[in-house]
Structures are given as structure tokens and as C-alpha cells.
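Now for the letters of each chain:
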Amino acid sequence: MTGIVAGVPSLVGLPLGTRLASHTGYGPVCTLSLIASHEGGEACVCDLIGPFDVSQPRGLGFAFTVVAGGALTVSLIPPQRRGEGPGSSPDLLLVTDRESPEPLRSQVERRLREAIRAGRLHSGERLPSSRSLARGLGVSRGLVQECYPQLQAQGYLVTRAGSGTRVAVYTPVPQLPVKRATMRPALLADFQWGVPDLRSFPMADWLLAMRESARSASVSALAYGDARGSAVLREVLAGYLRRVRACVADPARMVVCSGYAQGLGLALHALARSGVRTVAYEDPGAPATTRSAVARAGMASVPVDERGIDVEALAATDARAVVVTPAHQWPTGVVLAPERRLALVDWAVHRDAVIIEDDYDAEFRYDRDPVGTLQGLAPDRVISSGTVSKSLAPAVRLGWLLCPPGLDALVAEHKHLSDRGSPTLDQLALATLIESGRYDRHPRRVRTRYAARRTTLVEALAAHAPGVAVTGLAAGFHAVAHLGPNADEWAVVTAARERSVGLYGMSTCRTSGATTSARPARPGFRERESPRPGRRRPGGGRPAPR
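We now turn to the structure provided with this report. (Residues numbered from 1 in each chain as written. Predicted model: local features only at pLDDT ≥ 70, side-chain atom pairs only at ≥ 80, totals over all residues. Heavy atoms only, no water.)

### Describing unusual backbone geometry
Alright, step 1. Residue P284 follows D283 across a cis peptide bond; omega there is 10°.
Alright, step 2. Along the polypeptide, P284 turns up in the loop between β13 (278-283) and α7 (287-293).
Alright, step 3. Between W330 and the following residue, P331, the backbone shows a cis peptide bond with an omega angle of 5°.
Alright, step 4. Its location among the elements puts P331 in the loop between β16 (321-324) and α9 (338-351).
Alright, step 5. Located in the positive-phi region is R420, a residue other than glycine, with phi close to 65°.
Alright, step 6. One can find R420 in the loop between α10 (408-419) and α11 (424-435). (Helix = DSSP H or I, 4+ residues; strand = E, 2+ residues; numbered from the N terminus.)

The structure is reproduced here in C-alpha cells:
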């Protein structure tokens, strides 16, 4: 908060930019004893300025800088914040050299001045108390008490009762060259895929679960623990997955991870160690996520049609693992047909292969019957991956892998080497949330909201774009709008962006980059479309990480 104080005759003639700090600062009308310093000169004390109205609330400090005509700019210093009382003095790293001929007092003063000038200490930032800083430096408190007033006299610090010593508001900080990021214009409507309605996050339920779980947690829960995850959460999750997703869930073969991306990496690392050299993935799919995770293995793209992944095309590759989204295929939204599900399991058995099942969007279905997991059909051939990134929020960063026998130990070992395990307190909170029934209640509530939005979208398209077919709406919270044969995807996305509407092209989900769903000539064949010269697909991005 800043303002201008009228011209003061005794300040006329001081260099512009001179910093002044007040010794008093309470009440709407107060007497100020101003101490000034400027870049090129010694500190000088200004005349005492009699009762002066700065119209500030009691408890706010203030600092001044001289501007043209002897006027002052006033900057208010915020009142004491919560947690800044006695016993909460901040730490500060200062280095002194006891072998140096320079006196310790001069070193401390110089180090503080350098820290302020370099920007390590920002304007308004609170410094340690003299007692705390002296203790940390191993010097007498009197030495620090001599440094602070000197820096205050030079305009670097301000002090007021109840708020301690702070860096003066107008202390100059060198401006480093900053490369400004290109700011995208704000969108009135953003149909970004893969992101739930974050405003619907059950914050009150989550905070309650955190309190309840922390209150009952044992001391041992604060240690590193089992890299597979909290035994409490694995037991609760296993029961939930058996009940809701028809999984064959054994807590001993479950590994808790930090979202889908880490889970996929752990699974592929374990498969690579067990001899798998080629991994297949759905096309269209999420090639950016898949490529980054399977950089250590060969890849084969397999086409997807209206019945899901083409198992015959998969069998024509040399893959011994495949990543699929059978419940709600990303991004087409189709459900893997029953005969394809059986054929895929049969392929895994005869090929001695492993299916990595991304149970994507399984919680959000509207007008179709629930679909169980592939893992429930062949638990010895399927790694089932799930997260709460869509059911709750990506920020929770918790997911899980249900592993077949023989792979669970490899996955757990790599998880241990990667990060020693996911945050235990968050795991306990999630377990409490599920056990209490509040987790089940949340998807039911947001399903109603998503269904209403889906209806609004379909009705709007029917009224304003009757020739555009929409698919993928039976589950999840994204849809595919099929453009006409002569439509230009890039032009449609650009035109929508110009109207502050975010649309995203399917071409970014195809291995070839094509805007139409042409079937590849042979399995694993990839042909990259050359982009138009000088054109960049706006907002074409990639699926949000899970």
C-alpha cells in the first residue's frame, strides 16, 4: 500500500530516491523522526517533522522515499502475521570469518547489507531477533544490537514494536533480466481434456480425513515404511477395488505410487527387467505420455476402432506387453467390446505377455452399465493401474498398481529406489476417506454435475452445429466431436481460440499426426504428417498427466 505525502520544506534538496525510515509509527497522527540515506552519500538525519497525518491504521509501520519537490512516497509495512510472535524468529544464513582482520561487527553489518542489496532479503521481510541471530552466529547479542540500528540509520531496516526488524520497503534490488513467458489469453470456456472440475474437490471431507487419520496414526507411520505403501491404505483399497471394480485385489501385491505416470514407469521398468523388449499402445492414444515412459523399450502402435483395440493387429506385432484403456478408451471414449476383452486375454496367455490396464475414467459412467476390469478376468496377466487424479484431483498424487505374481517384487524394488515410497500421511487420509464412505459419495455427486453438463453440450451442438456428431459421452468427462470431411481441424481450433474457447485436436493423439482416423497399412507403421509451413497448432497440446 503506497501513497504520496505533501511536500516537506526540510526535505527539499535531498537526492531523489533517498530512503527514510520512521522511529515512531502509531496512531493516525504521529510525530516522525526521519532518518535518511541515499546511494551516493553518508547517512543524514532530517529535521524533526511535527504532527503529521498519514492516515494509517494503528499497528502499521511505514517507510518513505523522497520524490520531486521534497514530497514523500509512503509505503505501509504489514502488521504482525500469525506465527510471527515470540519463539518464531526466522532463520538467516550469514557467514563470518573469525580469522579475518575485519571486526565481527563490521562483517555482520556488511553481510546483512549485501544480502539486502543482492535481493536475498526482500522488502518487508522479517529478520531474526538480535538474540536469535547472535545465537546462530556465536557472537554477543550486543554486537547484533549495534548492527541493526546502524543499518536502520542507513535506511536498510525498519523497526517497530510488536513486529520486529524488517527490511525497508524501498531498498533497491538489482533487476535481473527475466525472459517473459508468452501469456495465453484467458478463455471463457476451456474444454481441456483429462482435468476434472477442481472446484468440486471435497476439501472439507479431505481436511476432516487428514485430521482423523493423523489423530489415530501411530508413531511408526512417520517412518519411511514399506515402499509398497501404507498397509492400511492397501487393505482399504483392495476392499474398494474388489467391491467397485470387480478386481482380484491382494494387498500384498499392490504398490501405491504417485499417479499414473509413475505407475506406468514402474510397470514398464519391471517388464524390461523381466525380458520384455517391445510394448504396444493404442493409436489414437496418449503418445506423449507413453513415449516418455517407454523410452527404454521398443514400441508398436495398434489401431483402435469403434470396438476398442484391434487384437488381430496386436497379434501381428512382436510386442509382449500392451497399454490399454478398456473402460473408456483414451481419447475416443469407446469401451472395449466383450469379445475383444476375451481375445486380448487370450493373446496375453498365448504370447506369455502382460496387459497394462489403465482403468481410466471408470468411476464416471452415465447411461451404460458398469464395466469390470480386465484384471478381474486374468489377474496373473494384467497390471491394473488406477489413480484418484480424476475422482478427486491431480494434486493428491496417489495411485496404485495391482501386480501379477512375480512382478510385484520388481515394481516394489524400483519404487523403493525411486523415492522410498509415496507420502504416508496422505495415504492414511485417503484410507480414512474411503472407509468413511465420503469417497464413494463424491463421485456420485459429481457424476450428476457432469451428466448435466454433457446434456447441455449435446443440446447446444444439436442446435448450433447439427452436422457435428459427438461420441465418447457414455463415460468420463471428455467427448469427441467429428468434423465434416472438408473441415480443417487446425482452422477450427484456431477459430475457437480467437473466440476465447479452448478446443483440442485429435491429431495430437495419433501417432501419425493425421487429422483423420486412417488405418495404418501395417501394424506398427507410423507416418508423420508434415505440418503446414509456418503454422503451429494452437492449444493442440497433450493430455494432462495423470
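### A look at the sheet that holds strand β18 (residues 382-387)
Alright, step 1. One open sheet holds the eight strands; their spatial order is β12-β19-β18-β17-β16-β13-β14-β15, and the pairing between them is mixed. Each end of this open sheet is capped by a strand with a single partner; those strands are β12 (254-257) and β15 (308-309).
Alright, step 2. Bridge count for β18 against strand β19 (residues 399-402) is four bridges, and the pairing is antiparallel. Within β19, the position partnered with S385 by the bridge is L401.
Alright, step 3. Lying on the sheet, α10 is in contact with β12 and β19; it crosses β12 at an angle near 25°. (Pairing = 2+ DSSP bridges. Contact = heavy atoms within 4.5 Å. Axes fitted to C-alpha atoms, helices over the stretch in contact; angles between N-to-C directions.)

### Notes on the packing of helix α4 (residues 203-216) against α11
Alright, step 1. In the contact formed by α4 and α11, the axes pass within 8 Å of each other and the chain directions differ by 110°. It follows that α4 is roughly perpendicular to α11 by the angle criterion. Here α4 and α11 pass one another in a crossing that is right-handed. Contacts between α4 and α11 pair D205, W206, A209, M210, E212 and S213 from the former with L425, D426, L428, A429, L430, T432 and L433 from the latter.
Alright, step 2. Class assignment of the residues belonging to the contact of α4 with α11 gives a composition of eight nonpolar, two polar and three charged. (Parallel < 35°, antiparallel > 145°, perpendicular 65-115°, else oblique. Left-handed = near helix turned anticlockwise from the far one by under 90°. Nonpolar A, V, L, I, M, F, W, Y, C, P; charged D, E, K, R; others polar.)

### Let's talk about the nonpolar core
Alright, step 1. L241, V388, L392, L430 and Y439 are the most contacted members of the largest nonpolar core, which totals 26 residues.
Alright, step 2. Broken down by secondary-structure element, the contributors of at least two residues to this core are α4, α5 (231-245), β12, β19 and α11.
Alright, step 3. Here this core gets six residues from one element, more than from any other, and that element is α5.
Alright, step 4. The residues contacting L430, other than those within four sequence positions of it, are W206, L233, V388, L392, L398 and Y439.
Alright, step 5. Core analysis: the second largest hydrophobic core is formed by 22 residues, V255, L268, V354 and L410 among them. (Core = buried A, V, L, I, M, F, W, Y, C linked by side-chain atoms within 4.5 Å. Buried < 20%, exposed > 50% of the residue type's maximum accessible area, 1.4 Å probe, protein only.)

### A few points about the pattern of salt bridges
Alright, step 1. Inspection of the entire model under this criterion finds 20 salt bridges.
Alright, step 2. Notably, a salt bridge pairs D205 with R441, separated by 3.0 Å at the nearest N-O pair. Placement of the pair is D205 in helix α4 and R441 in helix α12 (residues 438-464), with a sequence separation of 236 residues.
Alright, step 3. By relative accessible area, D205 is classed as buried at 12%.
Alright, step 4. Given a relative accessible area of 36%, R441 falls into the partly exposed group. (Salt bridge = Lys/Arg side-chain N within 4 Å of Asp/Glu carboxyl O.)

### Describing the packing of aromatic side chains
Think of a pair of aromatic rings as described by two things: how far the centres are apart, and how the planes are tilted against each other in angle.
Alright, step 1. Applying the stated criterion to the full structure yields eight aromatic pairs.
Alright, step 2. Residues Y240 and Y439 carry aromatic rings whose centres are separated by 5.4 Å and whose planes lie at 80° to one another, so their mutual orientation is edge-to-face. Remark: Y439 occurs in helix α12 and Y240 occurs in helix α5; sequence separation between them is 199 residues. The two residues Y240 and Y439 agree in class, both being buried.
Alright, step 3. Taken together, the ring pairs connect W193, W330, Y360 and Y504 into an aromatic cluster.
Alright, step 4. Note that R420 overlies the ring of Y224, its terminal NZ or CZ placed 4.1 Å from the centroid. (Phe/Tyr/Trp six-rings, centres within 6.5 Å; stacked < 30°, edge-to-face > 60°. Lys NZ or Arg CZ within 6 Å of the ring centre and 35° of its normal.)

### Some points on α12
Alright, step 1. Between its terminal C-alpha atoms α12 stretches 39 Å, which fits the 39 Å expected from 27 residues at 1.5 Å a residue.
Alright, step 2. Residues R438, Y439, D440, H442, P443, V446, R447, Y450 and R454 constitute the buried set of α12.
Alright, step 3. In this fold, the buried residues of α12 make contact with α4, α5 and α11. (Expected span 1.5 Å × (residues − 1).)

### With respect to the pairing of β19
Alright, step 1. Side chains G399 and L401 project from β19 onto one buried face, and the interleaved W400 and L402 project onto a second face that is buried too.
Alright, step 2. Where β12 and β19 come together, four bridges link them in antiparallel fashion. When the bridges of β19 are listed, V256 appears paired with W400.

### Things to note about the side chain of S384
Alright, step 1. Structurally, S384 is set in strand β18.
Alright, step 2. Beyond its immediate chain neighbours, meaning those up to four positions away, S384 contacts E357, Q375, W400, L401 and L402.

### Brief notes about the packing of helix α1 (residues 104-117) against helix α3 (residues 141-153)
Alright, step 1. Between α1 and α3, whose axes approach to 9 Å, the crossing angle comes to 45°. It follows that α1 is oblique to α3 by the angle criterion. Read as a crossing pair, α1 and α3 show a hand that is right-handed. Here α1 contributes L104, R105, V108, E109, L112 and R113 to the contact with α3, which in turn contributes L143, E146, C147, Y148, Q150 and L151.
Alright, step 2. A class-by-class count of the residues in the contact of α1 with α3 yields seven nonpolar, one polar and four charged.

### Here we look at a nonpolar patch on the surface
Alright, step 1. Taken together, M203, L207 and M210 make up a surface patch of nonpolar side chains, about 250 Å² in accessible area.
Alright, step 2. Looking at the secondary structure, you find M203 in helix α4. (Patch = residues over 30% accessible without salt bridge, like charges linked within 9 Å, V, L, I, M, F, W, Y side chains within 5 Å. Areas by Shrake-Rupley, 256 points an atom, 1.4 Å probe, with all protein chains shown as cover.)

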